[in-house]
Amino acid sequence: MSDALDRLDLLDLDDDLDQDDRLLRDTVRKWADDRLRPNIREWFEGGTLPAREIAQEAGELGILGMHLEGYGCAGAKASQYGIVCAEVEAVDSGLRSLVSVQGSLAMFCIHAYGSEEHKQRWLPGMAKGELLGCFGLTEPDAGSDPGSMRTRARRDGDDWIIDGTKMWITNGSLADVAVVWARTDEGVRGFLVEKGTPGFTTQDVHHKISLRASVTSELILDGVRVPDANRLPEGNGLRAPLGALNEARYGIIWGVTGAARDALASTIDYAGSRTQFGKPVSGFQLTQKKFADLAVSLQQAQMTARRLGELKDGGRIKPHQISFGKFANVSAALGICREARSVLGGSGITTEYPVLRHAVNLETVYTYEGTHEVHTLVLGSQLTGVDAFR
Ligand code: TGC
Ligand code: FAD
């Protein structure tokens, strides 16, 4: 595979990596290849994931919440976090989801919006992967339009009583702490709801045909009483959860380039060894046209991720630029995986090769963290000055 991987870097983008970036990439790639890749078929087919074990190993590598400062977090550059997302998603989007939800959604919310006590209590254990978090924004009737959420928190003396249902929550049933967004008389607020709190239950989503190596759950909040101390003091208004989504969407922009790279590299390898009509299928012009198109699309996506990494590291990335990246890169990665699959012929429809697994996972990625259509409209609004959501 490494030959095909090297050949895919047509623009020598890897030459721009400094020594630290290269070491980080190689370390995470080795962990992914040694520990995750050999098991991913079993996890995906079985719809199971030893999430706690993986989280602890990821914690030992220092990649959970790695872009946050203090509280046991590495304070790494945004571009370094991107490199990690690409290496993890090169194995499976579900594994990158585990890393994203923990670091970019749950830990980020506590870091950005929590009290000092919240940060001390949760972040060091979450950075080590000993404690898991989830992020509950979506509801059965509020997906693209989270402003229509029905989950409600009402004040009762020094406590809050939360009622509602959150849907499609990654790591939901595993999480030691759920960041739950709810409507209150003062507007949207974020609450930390600990596993085991009376009235708080979860139910896993089964029968998924995408992102099978990831736990997805419903969160049911039935008269859940939490003290005001569990409210995120800076998590006020819809802008708070949407601000956290910027972080996770940024990781996806890089992550999906890993899935596409893995799909294309393994397809090029296959095409070199599969013979029809007396020669390798890689020797047919039609196959080479596919590879040329897909490799160019991949490098364009990687360049987009790098540019957005520079903007984020410079502290000047804007939400519509993140939408640009999510819109362009997820679509490119999905297109790469679908077309690469055709080169594998019949072999492409099993899990023996990773290509269709990546493609079906990317169907989820196309939808979560703002659907492709939502990001289309963010770009449309930026270009025209007119909102077309309503
Ligand atoms: P709108 O009126 O535009 O905005 C409300 C307030 O939020 C601010 N805002 C943002 N702030 C930071 N970053 C952004 N990207 C922001 N977008 C909006 C905005 O300035 C405003 O602030 P203020 O102070 O004026 O009140 O809100 P809207 O109701 O019109 O909705 C806009 C829209 C459609 C873009 C937004 O609702 C949206 O992004 N919808 C998509 C929902 C979504 O992405 N859900 C994802 C759930 S989490 C998930 O999928 C995790 S998957 C994880 C995994 O497994 O990897
Ligand atoms: P809907 O919003 O009902 O959209 C249906 C269709 O209508 C889409 O094509 C959409 O683009 C389109 N549409 C909607 N509004 C418009 C419009 N104004 N203009 C044009 N088209 C429009 N959420 C969390 O909070 N936390 C998580 O951890 C999480 N993890 C997830 C994991 C998985 C595996 C999945 C599948 C989802 C997850 N989600 C999570 C939820 C995800 O963010 C939502 O599925 C997503 O935001 C879309 O919402 P919806 O599914 O309700 O679709």
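Below or above, wherever it landed, is the structure these notes cover. (Residues numbered from 1 in each chain as written. Chains lettered and ligands numbered in written order. Predicted model: local features only at pLDDT ≥ 70, side-chain atom pairs only at ≥ 80, totals over all residues. Heavy atoms only, no water.)

**Comments concerning the overall build of the chain**
When helices and strands are counted, the chain shows twelve helices and twelve strands. Relative to the globule expectation of 21 Å for 390 residues, the C-alpha radius of gyration of the chain, 21 Å, shows essentially globular dimensions. Overall, the C-alpha framework of the chain stretches about 80 × 45 × 40 Å when taken along its three principal axes. A total of 390 residues make up the chain; the buried ones form 55% of that total. A fraction of 75% describes how many contacts in the chain between residues 6 or more apart in sequence connect residues 24 or more apart. Surface exposure of the chain reaches about 16900 Å², of which carbon and sulfur atoms provide 50%. (Helix = DSSP H or I, 4+ residues; strand = E, 2+ residues; numbered from the N terminus. Rg over C-alpha atoms; globule rule 2.2 N^0.38 Å. Buried < 20%, exposed > 50% of the residue type's maximum accessible area, 1.4 Å probe, protein only. Contact = heavy atoms within 4.5 Å. Areas by Shrake-Rupley, 256 points an atom, 1.4 Å probe, with all protein chains shown as cover.)

**Here we look at helix 12 (residues 372-384)**
Its 13 residues place the ends of helix 12 18 Å apart at the C-alpha level, agreeing with the 18 Å of an ideal helix rising 1.5 Å per residue. The set of residues buried in helix 12 consists of His372, Val374, His375, Leu379 and Ser381. For helix 12, the secondary structure elements touched by its buried residues are helix 8 (239-273), helix 10 (319-343) and helix 11 (355-367). Among the residues trailing helix 12, Gly385 stands out with phi positive, at a value near 80°. (Expected span 1.5 Å × (residues − 1).)

**Focus on the nonpolar core**
Counting 65 residues, the largest nonpolar core has Leu95, Phe135 and Trp181 as its most contacted members. No other element matches the eleven residues that helix 6 (residues 93-113) contributes to this core. Every residue in contact with Phe135, bar those within four places of it in the chain, is listed here: Val101, Leu105, Cys109, Ile169, Val179, Trp181, Pro241, Ala244 and Leu245. Grouped together as the second largest cluster of nonpolar side chains are 32 residues, Leu5, Leu211, Ala265 and Val343 included. (Core = buried A, V, L, I, M, F, W, Y, C linked by side-chain atoms within 4.5 Å.)

**Notes on the site of ligand 1**
Near ligand 1 there are 24 residues, and of these Ser97, Arg239, Asn246, Arg249 and Gly370 occur at the shortest range. For ligand 1, an oxygen atom lies 3.4 Å from a polar atom in the side chain of Arg96. Between Arg249 and ligand 1, the recorded distance is 2.7 Å, taken from a side-chain N or O atom to an oxygen atom. Compared with its free state, where it exposes 1100 Å², ligand 1 has 72% of that area covered by protein. (Near = heavy atom within 4 Å. Polar contact = N/O pair within 3.5 Å; in protein donor to acceptor, adjacent residues only side chain to side chain.)

**Side note on a nonpolar patch on the surface**
On the surface, Leu10, Leu11 and Met303 cluster together to form a nonpolar patch covering roughly 290 Å² of accessible area. Looking at the element boundaries, Leu11 is found in the loop between helix 1 (2-8) and helix 2 (19-36). (Patch = residues over 30% accessible without salt bridge, like charges linked within 9 Å, V, L, I, M, F, W, Y side chains within 5 Å. Salt bridge = Lys/Arg side-chain N within 4 Å of Asp/Glu carboxyl O.)

**A short note on the site of ligand 2**
Taken together, 18 residues lie around ligand 2, and Thr138, Ser144, Trp168, Thr371 and Glu373 are the ones closest in. Interatomic distance of 2.9 Å between a backbone N/O atom of Phe135 and a nitrogen atom of ligand 2. A distance of 2.7 Å separates a nitrogen atom of ligand 2 from a polar backbone atom of Trp168. In isolation ligand 2 has 980 Å² of accessible area, and contact with the protein removes 68% of it. Within the residue set of the shell around ligand 2, elements represented by two or more residues are strand 5 (159-170), helix 11 and helix 12.

**Points about the environment of Gly82**
Within the secondary structure, Gly82 is located in helix 5 (residues 78-89). Along the chain, Gly82 and Arg22 lie 60 residues apart, while their C-alpha atoms are 13 Å from each other.

**Thoughts on the environment of His375**
Along the chain, His375 falls in helix 12. Judged by relative accessible area, which is 1%, His375 ranks as buried. Sequence separation of His375 and Arg152 is 223 residues, and the distance between their C-alpha atoms is 27 Å. His375 has contacts with Arg249, Ser323, Lys326, Phe327, Glu369 and Gly370, leaving out every residue within four places of it along the chain.

**A look at the environment of Ala112**
Within the secondary structure, Ala112 sits in helix 6. In sequence terms Ala112 and Pro241 are 129 residues apart; their C-alpha atoms lie 11 Å from each other.

**Quick look at unusual backbone geometry**
One non-glycine residue with positive phi stands out, namely Tyr71, at about 55°. Residue position: Tyr71 is located in the loop between strand 1 (69-70) and strand 2 (73-74). The residue Asn171 is not glycine, and still its phi comes out positive at about 65°. Mapped onto the elements of the fold, Asn171 is located in the loop between strand 5 and strand 6 (177-184). Asn171 gets classed as buried once you look at its relative accessible area, which sits at 2%.

**Side note on the side chain of Asp228**
Looking at the secondary structure, you find Asp228 in the loop between strand 9 (216-227) and strand 10 (231-236). Within the structure, the side chain of Asp228 is placed 2.7 Å from the side chain of Trp160, a separation counted as a polar contact. Discounting residues that sit within four places of it in the chain, Asp228 has contacts with Arg155, Asp158, Asp159 and Trp160.

**Looking at the packing of helix 8 against helix 10**
At a minimum axis distance of 8 Å, the contact between helix 8 and helix 10 shows a crossing angle of 20°. As summarised for this structure, helix 8 and helix 10 are arranged roughly parallel, according to the angle between their axes. Helix 8 and helix 10 meet at a crossing whose hand is left-handed. (Axes fitted to C-alpha atoms, helices over the stretch in contact; angles between N-to-C directions. Parallel < 35°, antiparallel > 145°, perpendicular 65-115°, else oblique. Left-handed = near helix turned anticlockwise from the far one by under 90°.)

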